[in-house]
Amino acid sequence: MAIPTFDLSTAHRWFAAELNNNLWRAMEAGRWSADEAEQSIHAAHASCHHWMQVGNISHHARAECLVANVYAAAGFGESALRHALRCQELIEDSPHAFEDWDFAFAYDALARAFTLTGDTGEAEHSLQQAQTVGDAIVDEEDRSIFLKWFEVGR
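Residues numbered from 1 in each chain as written. Predicted model: local features only at pLDDT ≥ 70, side-chain atom pairs only at ≥ 80, totals over all residues. Heavy atoms only, no water.

Draft legend 1. Quick look at helix α3 (residues 57-74). Helix length check: α3 (18 residues) gives 26 Å between terminal C-alpha atoms against 26 Å at 1.5 Å per residue, within 8%. For α3, the tally of buried residues reaches 14 of 18 residues, placing the bulk of the element in the interior. One or two positions beyond α3, positive phi appears at glycine 75, with a value near 90°. (Helix = DSSP H or I, 4+ residues; strand = E, 2+ residues; numbered from the N terminus. Expected span 1.5 Å × (residues − 1). Buried < 20%, exposed > 50% of the residue type's maximum accessible area, 1.4 Å probe, protein only.)

Encoded structure:
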């Protein structure tokens, strides 16, 4: 196996963040073609992989949330739900490791996934939780970011 000519940890962190940021911007921009959706799904999984190499539990959960949202944006409800539930599981296992906004984004991802799978009861419940937790985000900038996202695609 070849020895990299760069710092592997730095590379993992760079790719994880770069892919993450690009995907959130792309989702905020709107609809994708089938090719863009496929590329975005692969990029979301790559971001998650890189975070799992160098991040902590909060990075992993946020990456699962990203993957869930990308699948939701692409219209794949079952896959979105799988990753939204994984995000929720990670948060429930270590709630102290997360910011208040993490909970809001996790509930929102669940709401989007449940909507796509046709589970309207769970979708509405998760949507209400996302709204309640989102409204309670302490930092104004964080709350604004969440509320802007909360309106995307609705």
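Draft legend 2. Expanded view of the packing of helix α5 (residues 100-117) against helix α7 (residues 140-151). Taken N-terminus to C-terminus, the directions of α5 and α7 make an angle of 5°; their axes are 10 Å apart at the nearest point. As far as their axial angle goes, α7 and α5 are roughly parallel. Where α5 approaches α7, its residues Trp101, Ala104, Phe105, Asp108 and Arg112 are matched on the opposing element by Asp142, Ile145, Phe146, Trp149 and Phe150. Considered class by class, the residues forming the contact of α5 with α7 number seven nonpolar, no polar and three charged. (Axes fitted to C-alpha atoms, helices over the stretch in contact; angles between N-to-C directions. Parallel < 35°, antiparallel > 145°, perpendicular 65-115°, else oblique. Contact = heavy atoms within 4.5 Å. Nonpolar A, V, L, I, M, F, W, Y, C, P; charged D, E, K, R; others polar.)

Draft legend 3. A look at the nonpolar core. Counting residues in hydrophobic clusters, the biggest one holds 43 residues, and the most contacted among them are Met27, Leu66, Val70 and Phe146. Of all the secondary-structure elements, those providing two or more residues to this core are α1 (8-29), α2 (34-54), α3, α4 (77-93), α5, α6 (120-135) and α7. For this core, the element with the highest residue contribution is α3, accounting for nine residues. Dropping the residues within four chain positions of it, valine 70 is found in contact with Leu23, Met27, Trp32, Ser40, Ile41 and Ala44. (Core = buried A, V, L, I, M, F, W, Y, C linked by side-chain atoms within 4.5 Å.)

Draft legend 4. Looking closely at the pattern of salt bridges. With the rule as written, the count across this model stands at three salt bridges. A salt bridge links glutamate 89 to arginine 86, with the nearest nitrogen and oxygen atoms 3.2 Å apart. Highlighted residues: glutamate 89 and arginine 86, both in helix α4, separated by three residues, approximately one helical turn. Residue class for arginine 86 comes out partly exposed when judged on its relative accessible area of 29%. (Salt bridge = Lys/Arg side-chain N within 4 Å of Asp/Glu carboxyl O.)

Draft legend 5. Up close: the side chain of glutamine 88. Following the sequence through the fold, glutamine 88 ends up in helix α4. Accessibility expressed as a relative area gives 10% for glutamine 88, which makes it buried. With residues up to four places along the chain from it excluded, the contact list for glutamine 88 reads Ala106, Tyr107 and Leu110.

Draft legend 6. Spotlight on α5. With 18 residues, α5 extends 27 Å between its outermost C-alpha atoms, agreeing within 8% with the 26 Å of an ideal straight helix rising 1.5 Å per residue. Among the residues making up α5, those that are buried are Asp102, Ala104, Phe105, Ala106, Tyr107, Asp108, Ala109, Leu110, Ala111, Arg112, Ala113 and Phe114. Elements in contact with the buried residues of α5: α1, α3, α4, α6 and α7. In the stretch just after α5, glycine 118 is the one whose phi turns positive, near 85°.

Draft legend 7. Local environment of the packing of α5 against α6. In contact at an axis separation of 8 Å, α5 and α6 are set at 160° when each is read in the N-to-C sense. Our classification of the angle between α5 and α6 gives roughly antiparallel. Considering how the two elements wind past one another, α5 and α6 form a crossing that is left-handed. Here Asp100, Phe103, Ala104, Tyr107, Asp108, Leu110, Ala111, Phe114 and Thr115 of α5 come into contact with α6, specifically with Glu122, Ala123, Ser126, Leu127, Gln129, Ala130, Val133 and Gly134. (Left-handed = near helix turned anticlockwise from the far one by under 90°.)

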